[in-house]
Amino acid sequence: MTDLADLDDIYGNQILEHRRNPRNREKLSNPDVTGRAINPFCGDQVDIQILFKDSRVSAVGIQAEGCLINQATASILSEFMVGMSITEMMSASNRFRDIMSSDVSKDKLGDLGNLVALVGVRKSPVRIKCALLPFSALEETL
Amino acid sequence: MTDLADLDDIYGNQILEHRRNPRNREKLSNPDVTGRAINPFCGDQVDIQILFKDSRVSAVGIQAEGCLINQATASILSEFMVGMSITEMMSASNRFRDIMSSDVSKDKLGDLGNLVALVGVRKSPVRIKCALLPFSALEETL
Amino acid sequence: MLDIQKIRKDFPVLGREVYGKPLIYLDNAATTQKPDTVIRSLVDYYENYNSNVHRGVHKLSMESTERFEEAREKVACFINSKSSNSIIWTRNATEAINLVANTWAQEHVKSGDEIVLTAMEHHSNLVPWQKVAKDKQALLKYIPLTADGRLDLTNIDDIICSRTKLVSIVHVSNSLGTINPVEELTAKARKVGASVLVDAAQSVPHMPVDVQQIDPDFLTISGHKMLGPTGIGALYAKEDILESMEPFLRGGEMVLEVTYEDASWNSLPMRFEAGTPNIADAVGMGAAVDYLSAIGMKSIRQHEVDITSYALDAIKAINGLDHYGPDDMSQRGGVISFNSPGVHPHDLGTFLDRLGIAVRTGHHCTMPLMRMLGVPATTRASFYLYNTKSEVDVLIDGLTEALGYFNDGSR
Amino acid sequence: MLDIQKIRKDFPVLGREVYGKPLIYLDNAATTQKPDTVIRSLVDYYENYNSNVHRGVHKLSMESTERFEEAREKVACFINSKSSNSIIWTRNATEAINLVANTWAQEHVKSGDEIVLTAMEHHSNLVPWQKVAKDKQALLKYIPLTADGRLDLTNIDDIICSRTKLVSIVHVSNSLGTINPVEELTAKARKVGASVLVDAAQSVPHMPVDVQQIDPDFLTISGHKMLGPTGIGALYAKEDILESMEPFLRGGEMVLEVTYEDASWNSLPMRFEAGTPNIADAVGMGAAVDYLSAIGMKSIRQHEVDITSYALDAIKAINGLDHYGPDDMSQRGGVISFNSPGVHPHDLGTFLDRLGIAVRTGHHCTMPLMRMLGVPATTRASFYLYNTKSEVDVLIDGLTEALGYFNDGSR
Ligand SMILES: Cc1ncc(COP(=O)(O)O)c(C=O)c1O
Ligand SMILES: Cc1ncc(COP(=O)(O)O)c(C=O)c1O
């Protein structure tokens, strides 16, 4: 059997787990805002719906089609978002993009919660955009 | 002083002499046929006039502007032509072209008279077309 | 039989490791690796006689001009073109097609005319014609496909008809591997008075191609897909057609005489080569043609048939893997596209990459075809003369492992 | 001061002999020689990571994409472009100009508009505009020259006026050596609302060029004239202008989404790069830029000023030799064209060739200028960072000898 240590850096346990059990996949029927992002090159697509309460996210629906990294990111993001204000989400989104597109160490991530699991994707640079697609959908709503 | 042996192969004595004393440069006033050939890349131009008597060249006028090889070829050609029939000139023209564009040895030239002096131009392949321009003018008349 | 181990030694990159594993390069439909002779021809050019071509009276310029034109002769000879004046250097196959679309087609295609393509065209033989069709109010028609990815010729005589001005078809599909009957289709086009372009980007590198036998008006080639350098390709066109065409790009080299007001055009092939050409890479493409000729295109084709059918059998045996294109090897080149329903090609590709295996994943510049197949993308393995059956074995093991990893989380 | 002897060691071809004599390469305006680092960058590419760029998920493809885009960054940086999205790879300077003529100009130039060129344009910045003018019923106007080959700006405000749509001018003339005041002319164009293209094929290799300072809309570059490989060049264009432009060539890479009916365009810079790009030579051009930057463009310019004024003085001292272009070195690049009334440039060139000296003879792709100067051709010596004063001495001796040989038959 091949030594797949390197691969496990990209597809960490959490990522595989979120892909098997995606969170918040159900579409919200009465969202306050919705967003969509598409990457025509690989056919990946993310739809997101958000419900706010007292200016904070109270519920999320997120449906990601396409590759595993896209799907797992969507799932992790949807858990991470709950309870956040728009400003907090924008900040998180910017920080996540910064980190994915540079060599900043995990420690500098600040409070990105379980999204940290995605840092290994940097090992396959061409796949980074897969992890950013759900964020593009989120930004569409903001 | 540089060793110019190689150069003398191209610009043989005869060539330099013909350039200094071009033959048949005067324009014929009552030619039977005339021809012109131009090489726009270097501005070279050859005009030729021929007078026939009993189907053979009785007089030639040839005016070559441009480089030395073109001028010398024109001069040598004009002497060579006199007394020839059209068929003989066409044959000579074809043989000259063949020889200039390949590595055929001088012996195979047949009766090309003083035109043999131009074979050295093959040493500078890009200049061969300069020696062919007067022939193009001649062919225009045939 | 090719001596693959000997051939592999000619390709320096094949000795490379990635992630500590030997490189298994199965992305040959995207671009091929280069033998030492091609790389050396570039070094030789730059170290010994680099100079601008045409009209220079100095030694280096005469030498580079000679080698540059020699390379053109080699390409002409390779596809059995009657004259090297039929060979126009381009950057790639795409530019060659654009050249025809922007000159010949802009002049000859008229409102109501039809341009016939196939449903499996590469974007490069599709998007240029969309523009021509739009500019000229012409109609694009597509020859449909059978379930196994061959051209469906059932209604071909309705498709190629009196309104057809041009039939522009891919010889070997880079997505499906299908070899199309271009000779038959050219004959059909001739009957209705239509012109023919054959996109031979995927055929000329892999099998004997004879332009006098196929007899198209235009045929387009990509150097980097046939062991040559990047940045060089060629348009073959019948000489009388080229003679009648307006120039494409304009500038130095392609003119005969220029005044402030007007210009006239140089003779073929320079008329279609504006500015300083890609001299070194043309010479490199000549070296590639030499290499391929020395081995022999028939032997290369035979090797690809062997290795592709071997791989195809193994892929068919893997559970839950769909593959595309015909099974009959007489109708398939060395390309296999496949998909597993639950695993996205990008994940599969990333997995294989970590095993040292380079495959291409995506739409392979055939988005409409992907949509028709009902998938966003496929994974594609494509073979060439230096690939071995044991490389195929590693691929197959990797695929099995990957499906386990992603589907059952087994690892 | 440059250490020329050290620099010369970087250029393998400079060790070559022709006809048993050391090569003296003075044909740099046609194309330049390549340093070892550029040649090695190509070998490194082909031996280690050759692969098609963009969207490949495997290691080689990621590496080649990274180096390819890195090279683009280097070129952007070299001319001080704000963004690498402003840099479009082309085959050469000629294609870069044609790109603008075929897209931007076809859209924006209207009947009655005027396009302002200079009387010293290279065919590549002339013939494309003749087509635009013809297609659009626009007028070409030429800025005339002074007796010493500079732009005569006496009536410039009549020439660049409210009808002017585009000013397209050469920065440094390849025939005369003249450096034109492109910054001043760009400012004039701005005032009347005209766009500006600067043909920088002969400036970017030889002096610091800053697109933010000159501020043109378009600027065109040739890689092979700046130590880079043949087959690569670049168009610089302001990003917002590129964003607004229709594509040029169509096919793979430049699309976002394609259906059988229609297509949409990829983002910059890919939108203007159809098909597989010239990856290796782009990387090579990046290496050339690295080499030039390490030496410093100011030092290179200073060396050229030194050697050109040295050569100019010597040429002026030769009896019966006319030379062209300004004497003031602040207005002249490293190019000297000259003529002897009784000796055709081709004979002079052939004579010098046999001494190992490579000069260019002919019209230098500026036929209208030649006609204006009243000569069919000139002999041109053009210098670069690796040329030495002792090479100039050999040239001068050779010229003297040649004039004797041809004029008096002395030998
Ligand atoms: C001033 C000028 N413009 C444009 C060009 C065209 O460059 P290229 O041949 O690389 O297209 C040249 C080169 O001859 C030139 O000297
Ligand atoms: C069938 C086919 N046509 C055209 C092309 C375009 O070739 P290039 O990228 O060299 O222009 C390709 C390469 O991807 C191809 O596979």
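Residues numbered from 1 in each chain as written. Chains lettered and ligands numbered in written order. Predicted model: local features only at pLDDT ≥ 70, side-chain atom pairs only at ≥ 80, totals over all residues. Heavy atoms only, no water.

A few words now on the overall build of chain A. Looking only at helices and strands, chain A has five helices and three strands in total. Along chain A, helices and strands appear, N-terminal first, in the series α-α-β-β-β-α-α-α. Here the C-alpha radius of gyration of chain A, 15 Å, is about what a compact globule of 142 residues would show, namely 14 Å. For chain A, the C-alpha atoms occupy an extent of roughly 50 × 30 × 25 Å along the three principal directions. Taking all 142 residues of chain A together, 49% fall into the buried category. A sequence separation of at least 24 residues applies to 58% of the contacts in chain A between residues at least 6 apart. (Helix = DSSP H or I, 4+ residues; strand = E, 2+ residues; numbered from the N terminus. Rg over C-alpha atoms; globule rule 2.2 N^0.38 Å. Buried < 20%, exposed > 50% of the residue type's maximum accessible area, 1.4 Å probe, protein only. Contact = heavy atoms within 4.5 Å.)

As a structural note, the neighbourhood of ligand 2 is formed by 15 residues, with C:Thr94, C:Asp199, C:Ser222, C:Lys225 and D:Thr276 the closest of them. C:Thr94 has a polar side-chain atom sitting 2.5 Å from an oxygen atom of ligand 2. Interatomic distance of 2.6 Å between a side-chain N/O atom of C:Gln202 and an oxygen atom of ligand 2. Notes on ligand 2: free accessible area 390 Å², of which the protein chains cover 96%. When its residues are assigned to classes, the shell around ligand 2 shows three nonpolar, ten polar and two charged. (Near = heavy atom within 4 Å. Polar contact = N/O pair within 3.5 Å; in protein donor to acceptor, adjacent residues only side chain to side chain. Areas by Shrake-Rupley, 256 points an atom, 1.4 Å probe, with all protein chains shown as cover. Nonpolar A, V, L, I, M, F, W, Y, C, P; charged D, E, K, R; others polar.)

All right, on to the environment of C:Tyr46 then. Within the secondary structure, C:Tyr46 is located in helix H2 (residues 36-49). According to the relative accessible area criterion, C:Tyr46 is buried, its value standing at 1%. Distance from C:Tyr46 to C:Ala280, taken between C-alpha atoms, is 7.6 Å for residues 234 residues apart in sequence. In contact with C:Tyr46, other than residues within four places in its own chain, are C:Ala280, D:Val13, D:Gln33, D:Lys34, D:Ile39, D:Leu42, D:Pro229 and D:Thr230. Looking at C:Tyr46, its side chain comes within polar contact range of the main-chain nitrogen of D:Thr230, at 3.0 Å.

Residue and element names in this part refer to chain C. When its domains are assigned, chain C resolves into domain 1 (4-30 + 296-406) and domain 2 (38-294). In this structure, domain 1 and domain 2 have C-alpha centres spaced 28 Å apart. The interface is formed by 36 residues belonging to domain 1 together with 34 residues belonging to domain 2. Roughly 2,600 Å² is buried in total at the junction of domain 1 and domain 2, and carbon and sulfur atoms are behind 60% of that figure. Counting every contact that joins domain 1 to domain 2 gives zero salt bridges. Linking domain 1 to domain 2 there are 17 residue pairs in polar contact (both at pLDDT 80 or more). Secondary structure elements with two or more residues in the side of domain 1 that touches domain 2: helix H11 (297-317), strand E14 (335-339) and helix H13 (367-373). At six residues, H13 tops the list of elements feeding residues into the side of domain 1 that touches domain 2. (Domains from an automatic or database assignment. Buried area = accessible area lost by both parts, 1.4 Å probe. Salt bridge = Lys/Arg side-chain N within 4 Å of Asp/Glu carboxyl O.)

Residue-level contacts link 99 residues of chain C with 99 residues of chain D. Contact with chain D buries area across many residues of chain C, yet C:Tyr46, C:Arg250 and C:Tyr260 alone supply 12% of it, more than any other trio. Applying the counting criterion to the chain C and chain D interface returns ten salt bridges. With a closest N to O distance of 2.7 Å, C:Arg16 and D:Glu63 form a salt bridge. Linking chain C with chain D are 50 residue pairs in polar contact (both at pLDDT 80 or more). Looking at the side of chain C that touches chain D, the element that brings in the most residues is H2(C), giving ten residues.

Attention now goes to the layout of surface pockets. Taken as a whole, the largest pocket encloses approximately 1,200 Å³ of empty space. In this structure, the largest pocket is lined by 40 residues; those nearest its centre are A:Pro125, A:Val126, A:Lys129, D:His54 and D:Thr65. Residue assignment for the lining of the largest pocket shows that the elements contributing at least two residues are strand E1 (33-39) and helix H5 (128-141) of chain A together with helix H3 (59-78) of chain D. Counted by class, the lining of the largest pocket contains 15 nonpolar, twelve polar and 13 charged residues. In this structure, the second largest pocket encloses a volume near 1,000 Å³. (1 Å grid on protein atoms, 1.4 Å probe; cavity = no way out; pocket = protein on both sides within 12 Å on 5 of 7 lines; lining within 4 Å. Points joined across faces, edges and corners; volume = space filled by probe spheres on them.)

Core analysis: the largest hydrophobic core is formed by 237 residues, its most contacted members being C:Trp129, C:Leu219, C:Leu385, D:Trp129, D:Leu219 and D:Leu385. Look past the residues within four positions of D:Leu219 in its chain and what remains in contact with it is D:Ile79, D:Val198, D:Ala200, D:Val204, D:Val209, D:Val211, D:Ala234, D:Leu235 and D:Tyr236. (Core = buried A, V, L, I, M, F, W, Y, C linked by side-chain atoms within 4.5 Å.)

Another point: the pairing of strand E1 (residues 33-39) of chain B. Each regular strand carries side chains that alternate between the two faces of the sheet. Residue and element names in this part refer to chain B. Here seven bridges tie E1 to strand E2 (residues 44-53), and the two strands are oriented antiparallel to one another. Across the sheet, residue Ala-37 finds its bridge partner in E2, namely Val-46. As consecutive antiparallel partners, E1 and E2 are separated by four residues, and within that stretch Gly-43 has a phi angle of approximately 75°, a positive value. (Pairing = 2+ DSSP bridges.)

Counting from both sides, the interface comprises 18 residues of chain C and, opposite them, 26 residues of chain A. Buried area between chain C and chain A, both sides added, is near 2,000 Å², and the carbon and sulfur share of it is 53%. Seen at the junction of chain C and chain A, the total is one salt bridge. Among the salt bridges present, the one from C:Asp347 reaches A:Arg127, with a minimum N-O distance of 3.0 Å. On the surface where chain C and chain A come into contact, there are eleven residue pairs in polar contact (both at pLDDT 80 or more). The dominant element in the side of chain C that touches chain A, judged by the number of residues it contributes, is helix H12 (residues 345-354) of chain C, at five residues. Split into classes, the residues belonging to the side of chain C that touches chain A amount to seven nonpolar, six polar and five charged.

The way to describe two aromatic rings as a pair is by their centre distance and the angle between their planes. Within the structure shown, the criterion is met by 28 aromatic pairs over all chains. When the ring of C:Phe11 is compared with that of C:Tyr291, the centres are 5.7 Å apart and the planes differ by 90°; the resulting orientation is edge-to-face. Within this pair, whereas C:Phe11 is found in the loop between helix H1 (4-9) and strand E1 (17-18), its partner C:Tyr291 is found in helix H10 (residues 279-295), the two being separated by 280 residues in sequence. For the pair shown, C:Phe11 and C:Tyr291 are each scored as buried. An aromatic cluster of three or more residues is present, and its members are A:Tyr11, C:Phe351, C:Tyr405 and C:Phe406. Just above the ring of D:Tyr49 sits the side chain of D:Arg67; from NZ or CZ to the centre is 4.2 Å. Over the aromatic face of D:Tyr310 sits the side chain of D:Lys389, whose NZ or CZ is 5.3 Å from the ring centroid. (Phe/Tyr/Trp six-rings, centres within 6.5 Å; stacked < 30°, edge-to-face > 60°. Lys NZ or Arg CZ within 6 Å of the ring centre and 35° of its normal.)

It takes a turn of 180° to lay chain C on chain D, together with a shift of 0.0 Å along the axis; the resulting RMSD is 0.0 Å. Here the two chains are linked by the operation of a two-fold rotation axis. Of the interface residues in chain C, 100% have counterparts in chain D that sit at the interface too, so the contact is made through matching surfaces. (Least-squares fit on C-alpha atoms with pLDDT ≥ 70 in both.)

With an omega of -5°, the peptide bond between C:Leu268 and C:Pro269 qualifies as cis. Within the secondary structure layout, C:Pro269 lies in the loop between strand E12 (263-265) and H10. Backbone geometry at A:Ser55 places phi at a positive 65°, although glycine is not the residue there. Here C:Tyr19, not a glycine, exhibits a phi torsion of approximately 50°, which is positive. Relative to the assigned elements, C:Tyr19 resides in the loop between E1 and strand E2 (21-22). C:Tyr19 gets classed as partly exposed once you look at its relative accessible area, which sits at 22%.

What follows covers the packing of helix H4 (residues 93-108) of chain C against helix H5 (residues 127-136) of chain C. Residues and elements named next belong to chain C. Two elements in contact, H4 and H5, have axes whose closest approach is 9 Å; the angle formed by their N-to-C orientations is 20°. Considering their axes alone, H4 and H5 lie roughly parallel with respect to each other. H4 and H5 meet at a crossing whose hand is right-handed. Across the interface between the two elements, Ile-97, Asn-98, Val-100, Ala-101, Ala-105 and Gln-106 of H4 pack against Pro-128, Trp-129, Val-132, Asp-135 and Lys-136 of H5. When its residues are assigned to classes, the contact of H4 with H5 shows seven nonpolar, two polar and two charged. (Axes fitted to C-alpha atoms, helices over the stretch in contact; angles between N-to-C directions. Parallel < 35°, antiparallel > 145°, perpendicular 65-115°, else oblique. Left-handed = near helix turned anticlockwise from the far one by under 90°.)

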